[in-house]
Amino acid sequence: MTVIRELHDKEIASALELSREVFMEFEAPVFSQIGIDEFTGFLNNQEEIDKLRFYGALDQDVLLGILAMRKEHISLLFVKREFHRRGIAKSLFLFMLNQANDKRITVNSSPYAKEVYEKLGFTAVDCEQLKNGIRYIPMVYEGN
């Protein structure tokens, strides 16, 4: 049975490793080396990581997926390949939304994840952008 909860400090390293692994599998193949370095640099920046709230989807203490927020902005949302299309990203999002003070949530979606965010109710607010080698689409969720 999958449990969604806020992650403890000692679990953050595992959440970052899961993010790195999924990024390298699904995102890195279409990113430049500059973009890959930018993303991995973010994951290694303790000052930035300390600003995030982490949520995890766990099955018997095995981390299946994570969502990390900075204020009302999704910074990371990754699910292991073998657990895609099982509602884990949606469960993480709904859990986080229930905890959020503001129901207006933003994200800079990768092109790969755009469809997932659209299914969650996000809409693009601009065209695809490129900054420091990172390709993204600015999106917003305005609540129900």
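Residues numbered from 1 in each chain as written. Predicted model: local features only at pLDDT ≥ 70, side-chain atom pairs only at ≥ 80, totals over all residues. Heavy atoms only, no water.

1. Focus on the overall build of the protein chain
Right, so step 1: Along the protein chain, the regular secondary structure elements total 5 helices and 8 strands.
Right, so step 2: When the helices and strands of the protein chain are read in sequence order from the N terminus, they spell out β-α-α-α-β-β-β-α-β-α-β-β-β.
Right, so step 3: Against the compact-globule benchmark of 15 Å for 144 residues, the protein chain has a radius of gyration of 14 Å, which places it among compact chains.
Right, so step 4: Buried residues in the protein chain amount to 44% of all 144 residues.
Right, so step 5: Long-range contacts, defined here as pairs at least 24 residues apart, represent 59% of the contacts in the protein chain between residues at least 6 apart.
Right, so step 6: Carbon and sulfur atoms form 48% of the exposed surface of the protein chain, whose accessible area is close to 8200 Å². (Helix = DSSP H or I, 4+ residues; strand = E, 2+ residues; numbered from the N terminus. Rg over C-alpha atoms; globule rule 2.2 N^0.38 Å. Buried < 20%, exposed > 50% of the residue type's maximum accessible area, 1.4 Å probe, protein only. Contact = heavy atoms within 4.5 Å. Areas by Shrake-Rupley, 256 points an atom, 1.4 Å probe, with all protein chains shown as cover.)

2. Overview of unusual backbone geometry
Right, so step 1: Positive phi, normally seen in glycine, also occurs at Asp61, with a value near 70°.
Right, so step 2: Of note, Asp61 is situated in the loop between strand S2 (53-59) and strand S3 (62-70).
Right, so step 3: One non-glycine residue with positive phi stands out, namely Arg85, at about 60°.
Right, so step 4: Tracing the sequence through the fold places Arg85 in the loop between strand S4 (73-79) and helix H4 (88-99).
Right, so step 5: Take Arg85: its relative accessible area is 80%, and that puts it in the exposed class.

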